[in-house]
Amino acid sequence: LPANPTTAFSIRGDRGLAEKRRRTMPLNELIPMVNQLQEAFAPLGIPPIDLPQIAVVGSQSSGKSSVLESLVGYDFLPRGTGICTRRPLVLQLLNENVDQDYAQFAHISRRIYSFDDVKKTIQAETDRVAGNTKGVSPDPIILRVHSKNVVNLTLVDLPGLTKVPVGDQPQNISDVIRSMVLDIISRPNCIILAVTPANGDLANSDGLQIAREVDPQGQRTIGVLTKLDLMDAGTDAREILEGKVYPLYHGYVAVVNRSQKDIDTSKSMKSALMAEKEFFATNSNYSHLAQRQGTLYLSKKLNSILEDHIRSCMPDISHRVKVMLRDAQSELVQYGDDDTATEQQQRAIVLNSITRFCQNFREYMQGNCRHKDQSILYGPARLRHIFTVEFRQHVNTLESRDALSDEDIHTVRRNAVGVHADLFVPNAAFETLVKQLILQLEEPAAACVRTVSEELKQLLRDVLEISKEIGRFEELRERVWRGGMSLLSERK
């Protein structure tokens, strides 16, 4: 990615440079680079760029947590009944030659060497944001694991799909989780890791079912089969692994994770990997597939798929990042230099901000700005409608006979002439009668003024929102707002 975002470039030249970088960038730098972008975009909620990533989906009992722990080599995820993963966990594995493995959270700068502490931190952060009543939140937790025993890999662990709320969970918990998962996996650059227990019916797999909704051809879905050691006697998953049941472009990988008894007895990950390797080597149903099964093969396969995917997306990512940097730099230039040396320069920046605000307001009043909702009248068009339509309709409903009766008119005329004969109606009588009629317009006119004032307030608010120069100075923005409100109050 470019160090100087203001460098001029063409789209063709930009993509050519990105393609060159894509071919020359070392493999071990691709995933860490995307990790940095992922962390930079995390506070935005919805990333402005669809970054390549692998999302892990499956039901609560599919064995997702065990798969992730086997890939990391440590027991670090919260366990228990109900939903364990209640916030997306962005797991970044970094292959580094370190003396001791350690973890770091994006929100905590210090290194954590105890993975029991990692588990406690995940639980505490989940409770802090999602509450302790088994609720869920789309706000991700970013965890980096530095180890020489892992491959460079980034996985997004999503909450397990569920159907029935338990305890204090909201009744729509299944819809909330489903919506959260679909929001992630529906992005075109997302690789889907669908975890399915082999001891269940593949047709009922929640992971494959939701993946099929967004990837019906299976082009970006990887299948992972768990619990092969728990299948009924006489059954096996050989046809699934060979792609004869529901074929996927990236195929299936089977793993054998630690059982609950193994976890309770603190069976080491190393022993579990050896037992897994022995299972595939000695089982006659899978021995011919043993070289392409297991946790170690899965980690290498995911690393290769993600790196290839990042390489193919690199030109577009590079181009979009450059455009974002260029736009941000242009906007930053409009704000002026923070290191302003003199008071005169400071005044110039403030005056420029006010001038730009006035220009924006003038453009709005001339109808040159488009409102986000084009189905309603807005700004000057709305003001014109108030005067020419709404006020006129109100005036047309008035009836002069309601204010003046014939007896009232005769009384005013006689009072105006006194003891004199009245061949003609005096001007004084006419003025008195007209004033009484004009009083009928007082309420409609006041209502018209109030409506116009509210419309101008909204217009002022919108112009302040788009005036980025003034938005930089909170106090100046507040004073302009108060000045505008004061002016409207005076005119009322």
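The present account deals with the structure reproduced in this document.

Topic: the nonpolar core
Grouped together as the largest cluster of nonpolar side chains are 48 residues, with contacts concentrated most on Phe 76, Val 118, Ile 122, Leu 143 and Leu 302. Considering each element in turn, this core owes the most residues, nine residues, to helix α10 (residues 295–335). Ignoring anything within four residues of it in the chain, the contact list for Ile 122 reads Phe 76, Leu 77, Pro 78, Leu 89, Phe 105, Ile 141 and Leu 143. Judged by nonpolar contacts, the second largest core, of 38 residues, contains Val 156, Ala 211, Ala 237 and Val 256.

So, the side chain of Ser 137
With respect to the element layout, Ser 137 can be found in the loop between α4 (115–130) and β4 (141–147). Since its relative accessible area comes to 8%, Ser 137 is described here as buried. Discounting residues that sit within four places of it in the chain, Ser 137 has contacts with Arg 86, Arg 87, Pro 88, Val 129, Ala 130 and Met 180.

Some words on the sheet that holds strand β3 (residues 102–105)
What the eight strands build is an open sheet, ordered β3-β4-β2-β5-β1-β6-β7-β8; its pairing is mixed. Lying at the two open borders of the sheet, with one neighbouring strand each, are β3 and β8 (252–254). The average angle at which neighbouring strand axes cross in this sheet is 25°, direction not considered. Pairing of strand β6 (residues 190–197) with strand β7 (residues 221–226), which is carried by six bridges, proceeds in the parallel orientation. Across the sheet, the residue bridging to Leu 193 is Ile 222, located in β7.

As for the pairing of strand β1 (residues 53–57)
Buried residues dominate β1, accounting for five of its five residues. Neither face of β1 is left uncovered, since the one carrying Gln 53, Ala 55 and Val 57 and the one carrying Ile 54 and Val 56 both have all their residues buried. When β1 meets β6, the two strands line up parallel, connected through five bridges. Counterpart to Val 57 in the pairing with β6 is Ala 194.

Let's talk about unusual backbone geometry
With a phi angle near 60°, Lys 227 is a residue other than glycine that sits in the positive phi range. You can see Lys 227 is positioned in the loop between β7 and α7 (238–241). Of note in the backbone geometry, Ser 266 takes a positive phi value of approximately 60° without being a glycine. Relative to the assigned elements, Ser 266 resides in the loop between α8 (260–264) and α9 (269–282).

With respect to the pairing of β7
Summarising burial for β7: six of the six residues are buried, a large majority. On β7, burial covers both faces: Thr 221, Gly 223 and Leu 225 on one face and Ile 222, Val 224 and Thr 226 on the other are all buried. Taking the sense of rotation as the criterion, the β-α-β connection linking β6, helix α6 (residues 206–214) and β7 turns out right-handed. Alignment of β7 against β8, held across three bridges, turns out to be parallel. Of the residues in β8, the one forming a bridge with Gly 223 is Tyr 252.

Brief notes about the packing of aromatic side chains
The final tally for this structure, using the stated rule, is six aromatic pairs. Relative to Phe 115, the ring of Tyr 74 has its centre 3.9 Å away and its plane inclined at 5°; by these criteria the two rings are stacked. In this pair, Tyr 74 sits in the loop between α3 (64–72) and β2 (89–95) while Phe 115 sits in helix α4, placing the two residues 41 residues apart along the sequence. By relative accessible area, Phe 115 is classed as buried at 7%.

Some details on the pattern of salt bridges
Oppositely charged side chains can pair when the atoms bearing their charge come close. Scanning all chains against the criterion turns up 20 salt bridges. Measuring nitrogen to oxygen at the nearest pair gives 2.8 Å for the salt bridge that ties Glu 125 to Arg 128. With Glu 125 and Arg 128 both in helix α4 and three residues apart, this pair spans about one turn of that helix. The class of Glu 125 is buried, set by a relative accessible area of 13%.

What counts, and at which threshold
- Residues numbered from 1 in each chain as written.
- Predicted model: local features only at pLDDT ≥ 70, side-chain atom pairs only at ≥ 80, totals over all residues.
- Heavy atoms only, no water.
- Core = buried A, V, L, I, M, F, W, Y, C linked by side-chain atoms within 4.5 Å.
- Buried < 20%, exposed > 50% of the residue type's maximum accessible area, 1.4 Å probe, protein only.
- Helix = DSSP H or I, 4+ residues; strand = E, 2+ residues; numbered from the N terminus.
- Contact = heavy atoms within 4.5 Å.
- Pairing = 2+ DSSP bridges.
- Axes fitted to C-alpha atoms, helices over the stretch in contact; angles between N-to-C directions.
- Right-handed = clockwise from strand over helix to strand, strands pointing away.
- Phe/Tyr/Trp six-rings, centres within 6.5 Å; stacked < 30°, edge-to-face > 60°.
- Salt bridge = Lys/Arg side-chain N within 4 Å of Asp/Glu carboxyl O.

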